[in-house]
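# Chain and residue survey
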Amino acid sequence: MIATHNPAVFVLVIEPDETLANQLAFDLQEAGYEAIVAHDAANGLQYCRTRQPALIVVDRMLVGESGLSLCKNLRSIGNPSPVLVLMARDTVDDRIACLDAGADDYILKPYRSEDFLKLIRLYLKPDIDTTEQLRFGDLVLDIGTRRAFYNSKAIDLTMKEFELLKFLMEHPREVLTRDQILENVWGYEFMGESNVIEVYIRYLRLKIEEEGQKRLIQTVRGVGYVLRDS
C-alpha cells in the first residue's frame, strides 16, 4: 500500500536507464512520494521550470549533457531544490565535483533502495514552523525560512549551507573540529578526506562576507573552524 504524503511534494528523477528510473520511481511511490521521471537533461529542466520539485535526483551520466552540467544550469537559474547525484565512483575529486556543480549530496551505485530512501527522508523532513532566529553581530539566521541576513541583505542558502551555518552560529567563538562538523552537519560518517567542509566553507564565505569586510568564519589550522568577529 502506498503511504499518504502531501501530493504537492514530488521528486523529479532524471535517469537515462529506464530500468533504474522505474525502480527509483517505484521506491519513491511506495514511500509515499509523488515521482516524475525524465530520461534526459532537457526534459528534466522543463519539469523544473513548470513545477517546483521538492527534490531532484539526477544521474551523473546523461545523454548529451552531464548531470553535473545540469546541476550548474539549475543553480544558475535560481532553482533551490536539493539535488542528489547518482554516481558510480566515490573519490574525493568526485565528491568535490558534485558540490562545485551545486549538488547537495550523492547516491552511490549499485543502487540500494534502503540507502536511497534514508537520504530522501533526510532531505525531505517536514519544515518546522518556527520564528526562531540565531544572531551573531550583523549576521542573522532565520530557522523557519532557512535564510540568512547579513547587514539586512537576504541570502539564500542550500540545505547543507544552512545546516553548516546553523551549527557554527550555535557555537559562536568555539573552535569546531572537522570531525564535529562532519558528524553534526552531514549526520553520517563521511569516508576519506574532509575536503567537503572546505568547499562549503568557501561557499558560505562568498555569500555572507562582503569584499573588504572582516572574515567571520575563520580557519584554525590543523583543527577546524570558528565563527568569531576578531
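Residues numbered from 1 in each chain as written. Predicted model: local features only at pLDDT ≥ 70, side-chain atom pairs only at ≥ 80, totals over all residues. Heavy atoms only, no water.

## Points about the overall build of the protein chain
The line we're drawing: Under the scheme used here, helices are H or I runs from DSSP no shorter than 4 residues and strands are E runs no shorter than 2 residues, and both carry numbers assigned from the N terminus. For every residue, the accessible area (1.4 Å probe, protein chains only) is compared with the maximum for its type, and the residue is labelled buried under 20%, exposed over 50%, or partly exposed between those bounds. In what follows, a contact means two residues having at least one pair of non-hydrogen atoms within 4.5 Å. Under the convention used here, a 1.4 Å probe and the Shrake-Rupley method define accessible areas, while residue burial counts only the protein chains that appear.
The helix and strand inventory of the protein chain stands at eight helices and 12 strands. Scored against the burial criterion, the 230 residues of the protein chain give a buried share of 47%. Counting only contacts in the protein chain whose residues sit at least 6 apart along the sequence, the fraction spanning at least 24 positions is 58%. Surface accessibility of the protein chain: about 12,100 Å² in total, with carbon and sulfur atoms responsible for 49%.

## Let's talk about the sheet that holds strand 11 (residues 217-220)
What counts here: DSSP bridges decide pairing: two strands pair if at least two such bridges lie between them. Every axis corresponds to a line fitted to the C-alpha atoms, with the helix fit spanning only the stretch in contact, and the corresponding angles, defined between N-to-C directions, vary from 0 to 180 degrees.
If you trace the three strands from one edge of the open sheet to the other, you get 10-12-11, paired in antiparallel fashion. Two strands lie at the open edges of the sheet, namely strand 10 (176-177) and strand 11, each paired on one side alone. Pairing geometry for strand 10 and strand 12 (residues 224-227), over two bridges, is antiparallel. Looking at strand 12, one finds that L176 is bridged to Y225. Running over the sheet, helix 8 (residues 195-208) touches strand 11 and strand 12 and is turned about 150 degrees from strand 11.

## Some thoughts on the sheet that holds strand 6 (residues 133-136)
If you trace the four strands from one edge of the open sheet to the other, you get 6-7-8-9, paired in antiparallel fashion. The sheet is open, and its two edges are formed by strand 6 and strand 9 (153-156), each paired on a single side. Pairwise comparison of adjacent strand axes, ignoring direction, gives a mean angle of 20 degrees for this sheet. The strands touched by helix 6 (residues 159-170) within the sheet are strand 6, strand 7 (139-142), strand 8 (147-150) and strand 9, with strand 7 carrying the most contacts at an inclination of about 120 degrees.

## Overview of the nonpolar core
Note the threshold: Here, nonpolar core refers to any group of buried Ala, Val, Leu, Ile, Met, Phe, Trp, Tyr and Cys residues whose side-chain atoms link them within 4.5 Å.
L141, L165 and I181 are the most contacted members of the largest nonpolar core, which has 35 residues in total. Here this core takes eight residues from helix 8, the largest share from any one element. Leaving out residues up to four positions away in the same chain, L165 has contacts with L139, L141, A148, L157, L204 and I208.

## Considering the pattern of salt bridges
Spelled out, the test is: Salt-bridge detection follows one rule: a side-chain nitrogen of Lys or Arg within 4 Å of a carboxyl oxygen of Asp or Glu.
Counting across every chain of the model gives 13 salt bridges. A salt bridge links D100 to R202; its shortest N-O distance comes to 2.9 Å. With a gap of 102 residues between them, D100 in helix 4 (residues 92-101) and R202 in helix 8 connect regions that are remote in the sequence. In this structure, R215 engages E209 in a salt bridge whose closest nitrogen and oxygen atoms are separated by 3.2 Å.

## Digging into unusual backbone geometry
Of note, the amide linkage connecting K109 to P110 takes the cis form, showing an omega dihedral of 0 degrees. Phi is positive for S152, which is not a glycine, with a value near 70 degrees. In this fold, S152 is placed in the loop between strand 8 and strand 9. On the basis of relative accessible area, S152 is assigned to the exposed category, the value being 71%. Despite not being glycine, R173 shows a phi value in the positive range, around 65 degrees. Along the chain, the position of R173 falls in the loop between helix 6 and strand 10.

## Details of the environment of L70
Within the element layout of this structure, L70 appears in helix 3 (residues 67-76). For L70, a relative accessible area of 2% puts it in the buried group. When the C-alpha positions of L70 and L45 are compared, they lie 7.9 Å apart, and in sequence the two are 25 residues distant. Ignoring sequence-local partners within four residues, the contact set of L70 consists of I14, A41, L45, V58, L62 and E65.

## With respect to the side chain of R205
Put simply, the rule is: Between N or O atoms, a polar contact is any pair within 3.5 Å; within protein, one atom must be a potential hydrogen donor and the other a potential acceptor, and residues adjacent in sequence are included only when both atoms are from side chains.
Residue placement: R205 occurs in helix 8. In terms of polar contacts, R205 uses its side chain to reach the backbone carbonyl oxygen of I217, at 2.7 Å. Among the polar contacts listed, one links the side chain of R205 to the side chain of T219, at a separation of 2.9 Å. Not counting chain neighbours up to four residues away, the residues in contact with R205 comprise R215, I217, Q218, T219 and Y225.

## Some remarks on the packing of helix 2 (residues 41-50) against helix 3
Operational definition: Angles below 35 degrees are treated as roughly parallel, those above 145 as roughly antiparallel, those between 65 and 115 as roughly perpendicular, and all remaining angles as oblique. By the definition used in this description, the sense in which the near helix is turned from the far one sets the handedness, with an anticlockwise turn below a right angle giving left-handed and a clockwise turn giving right-handed. Note on residue classes: Ala, Val, Leu, Ile, Met, Phe, Trp, Tyr, Cys and Pro are nonpolar, Asp, Glu, Lys and Arg are charged, and everything else, Gly too, is polar.
Relative to each other, helix 2 and helix 3 sit at 25 degrees, their axes nearing to 11 Å. Taken together, the axis directions place helix 2 and helix 3 in an arrangement best described as roughly parallel. The interaxial crossing formed by helix 2 with helix 3 has right-handed handedness. Judged by residue contacts, A41, L45 and C48 of helix 2 engage L70, N73 and L74 from helix 3. Classifying every residue of the contact of helix 2 with helix 3 by side-chain character gives five nonpolar, one polar and no charged.

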